[in-house]
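Here's the letter readout for the chains.
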Amino acid sequence: MDDRQLTEELHDYLFAIRTQVHAELKELAQEAGLTDTQTDALWRLSRGREMTARRLADLLRCDASTATSMIDRLEKRGLVRRVPHPTDRRAKLIQLTPEGCALRDRVIRHTTEYSPFARLDHESRLRLHTLLREVIDGPHPTAQAGGDEETVDVDKEQR
């Protein structure tokens, strides 16, 4: 198989995984009365980091007004709250409420349970994790040096 065909098949696999994950998550989102974007926002906020609406908009790849409207709807449902930023008086941080955390946990459990990656053993998932990280970020010094992949910092807001 030449490089062009290999790359095309890799894209085919990625689209198939995306379609599978999206379909599973869409079902749960509909049950919970959420849009796809609202579910994505809960996922992005699940890393425990508080973030501004601007940062959330960047992660969701939408404009700030779209993110603000979506946050307003999540806030009305009691899933998020806005709190003052500790260092910038003009900004607010978006936090999950306890109800938002419970729904986020349900989304994570559901996603984990139906994950296509669950078919792989732990070592295979670690190898895939390293490869996908290299695709996104470029080679990581720890991975290049043969370090333990589990110690690689994966707490980036983009994931």
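Predicted model, so just to flag it, every value in this text is computed and none were measured.

**With respect to the pattern of salt bridges**
No. 1: Within the structure shown, the criterion is met by 10 salt bridges.
No. 2: Residue Asp36 is joined to Lys26 by a salt bridge in which the shortest nitrogen-to-oxygen separation is 3.4 Å. Taken together, the residues Asp36 in helix 2 (residues 36-45) and Lys26 in helix 1 (residues 3-32) connect sequence positions 10 residues apart.
No. 3: When its relative accessible area of 33% is taken as the criterion, Asp36 is described as partly exposed.
No. 4: Overall, the relative accessible area of 33% leaves Lys26 in the partly exposed class.
No. 5: In this structure, Arg104 and Asp105 form a salt bridge, with 2.8 Å as the shortest nitrogen-oxygen distance.

**Re the sheet that holds strand 2 (residues 80-84)**
No. 1: Read from one edge to the other, the open sheet built from three strands follows the order 1-3-2, with strand pairing classed as antiparallel. The strands lining the two open edges of the sheet, one partner per strand, are strand 1 (51-52) and strand 2.
No. 2: Two elements, strand 1 and strand 3 (residues 92-96), share two bridges in a ladder whose sense is antiparallel. Bridge assignment links Met51 to a residue of strand 3, and that residue is Ile94.
No. 3: Relative to the sheet, helix 4 (residues 64-76) contacts strand 2 and strand 3, its axis offset from that of strand 2 by approximately 110°.

Criteria and thresholds
- Residues numbered from 1 in each chain as written.
- Predicted model: local features only at pLDDT ≥ 70, side-chain atom pairs only at ≥ 80, totals over all residues.
- Heavy atoms only, no water.
- Salt bridge = Lys/Arg side-chain N within 4 Å of Asp/Glu carboxyl O.
- Helix = DSSP H or I, 4+ residues; strand = E, 2+ residues; numbered from the N terminus.
- Buried < 20%, exposed > 50% of the residue type's maximum accessible area, 1.4 Å probe, protein only.
- Pairing = 2+ DSSP bridges.
- Contact = heavy atoms within 4.5 Å.
- Axes fitted to C-alpha atoms, helices over the stretch in contact; angles between N-to-C directions.

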